[in-house]
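Coordinate analysis (summary)
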Amino acid sequence: MASVSIRYAKALADAVFESRTDVTVAEHDLKALVNLVAENDTLRKVWENPSIAAEQKRHVLDGIVGQLGIVKIIRNFMAVLIDHQRVRQLPQIARQFELELNTRLGYTDAEVASVHELDDQDRVAIEQQIERVSGKKVRARYKTNRELLGGAIIRIGSTVYDGSIRGQLAKIKEQLSAK
């Protein structure tokens, strides 16, 4: 299924760039639909039900698009997913789309976990450090983790930089155990 998600995500990225649609708006609108489908069981069941005509499903889509102000390219993409019975893969496709955009725009994805919410100054400092290390612009997502005690853990792809107090204590324990 990953290859299906990748194929759809690349096709959407191609369409967004070819149509010169604002990438940020397209990404935002796709996430809005992902969240809507995740939060609304009835909508998801309707769009995933093969016994309901695709025309009726697109009619529901058009009502949602009108309410949320979704850009045409994302509306059309969602209609394709409905027509090809791929609504179930929407979250994976959206994630692959985000990764594809990052690649095309020269960004790297980073996940930053800290014990408390970081202020803007701390976020800028962390993002600048990540940019120096990765050589790419960064799109960071932040979350809190009370178990860290202090510091932060930064994940860039499969690489983890553990600057947390808990991680430092584990390293000290390991060094002491080795002696």
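Structure: above.
We now turn to the structure provided with this report. Keep in mind the model is a prediction, meaning the values are calculated, not measured. (Residues numbered from 1 in each chain as written. Predicted model: local features only at pLDDT ≥ 70, side-chain atom pairs only at ≥ 80, totals over all residues. Heavy atoms only, no water.)

1. Things to note about the environment of R132
One can find R132 in helix α7 (residues 120–134). On the basis of relative accessibility, which here comes to 60%, the residue R132 falls in the exposed class. At 2.7 Å, the side chain of R132 forms a polar contact with the side chain of Q129. (Helix = DSSP H or I, 4+ residues; strand = E, 2+ residues; numbered from the N terminus. Buried < 20%, exposed > 50% of the residue type's maximum accessible area, 1.4 Å probe, protein only. Polar contact = N/O pair within 3.5 Å; in protein donor to acceptor, adjacent residues only side chain to side chain.)

2. Here we look at the nonpolar core
It is characteristic of soluble globular proteins that their nonpolar side chains tend to be buried jointly. By size, the foremost hydrophobic cluster in this structure holds 31 residues, and its most contacted members are L30, W47, I74, M78 and F97. Those elements that place two or more of their residues in this core are α1 (2–18), α2 (23–39), α3 (41–48), α4 (54–68), α5 (72–83) and α6 (90–105). Among the elements that make up this core, the one with the highest residue count is α5 (seven residues). Look past the residues within four positions of F97 in its chain and what remains in contact with it is A9, L12, A13, V16, A26, E27 and L30. By size, the runner-up hydrophobic cluster in this structure holds ten residues, among which are I130, Y142, A152 and I156. (Core = buried A, V, L, I, M, F, W, Y, C linked by side-chain atoms within 4.5 Å. Contact = heavy atoms within 4.5 Å.)

3. Description of the packing of α2 against α5
Viewed as axis vectors pointing N to C, α2 and α5 meet at an angle of 40 degrees, and their least axial separation amounts to 9 Å. By the angle between their directions, the pair α2 and α5 is classed as oblique. In the crossing of α2 with α5, the sense of the turn from one axis to the other is right-handed. Touching A26, D29, L30 and L33 of α2 are I74, F77 and M78, all from α5. Classifying every residue of the contact of α2 with α5 gives six nonpolar, no polar and one charged. (Axes fitted to C-alpha atoms, helices over the stretch in contact; angles between N-to-C directions. Parallel < 35°, antiparallel > 145°, perpendicular 65-115°, else oblique. Left-handed = near helix turned anticlockwise from the far one by under 90°. Nonpolar A, V, L, I, M, F, W, Y, C, P; charged D, E, K, R; others polar.)

4. Some words on the sheet that holds strand β2 (residues 137–144)
Strand pairing in a sheet relies on backbone hydrogen bonds, with the paired strands running either antiparallel or parallel. Reading across from one edge, β2-β1-β3-β4 is the order of the four strands in this open sheet, with mixed pairing throughout. Bordering the open sheet on either side are β2 and β4 (159–162), each of which pairs with just one other strand. Looking at each pair of strands side by side, their axes are set apart by 20 degrees on average, direction ignored. Pairing geometry for strand β1 (residues 107–114) and strand β3 (residues 152–156), over five bridges, is antiparallel. Note that in β3 the partner of E111 across the bridge is R155. (Pairing = 2+ DSSP bridges.)

5. Looking at the packing of aromatic side chains
Tallied over the entire structure, the rule returns one aromatic pair. Centre to centre, the rings of Y8 and F77 are 6.4 Å apart; their planes meet at 70 degrees, and the pair counts as edge-to-face. In this pair, Y8 sits in helix α1 while F77 sits in helix α5, placing the two residues 69 residues apart along the sequence. Residue classification places Y8 among the buried positions, given a relative accessible area of 15%. One cation-aromatic arrangement involves K137 over Y107; the distance from NZ or CZ to the ring centre is 4.7 Å. The ring of Y107 has R139 sitting right over it, with the charged end atom 5.1 Å from the ring centre. (Phe/Tyr/Trp six-rings, centres within 6.5 Å; stacked < 30°, edge-to-face > 60°. Lys NZ or Arg CZ within 6 Å of the ring centre and 35° of its normal.)

Nothing here speaks to function; it is all geometry.
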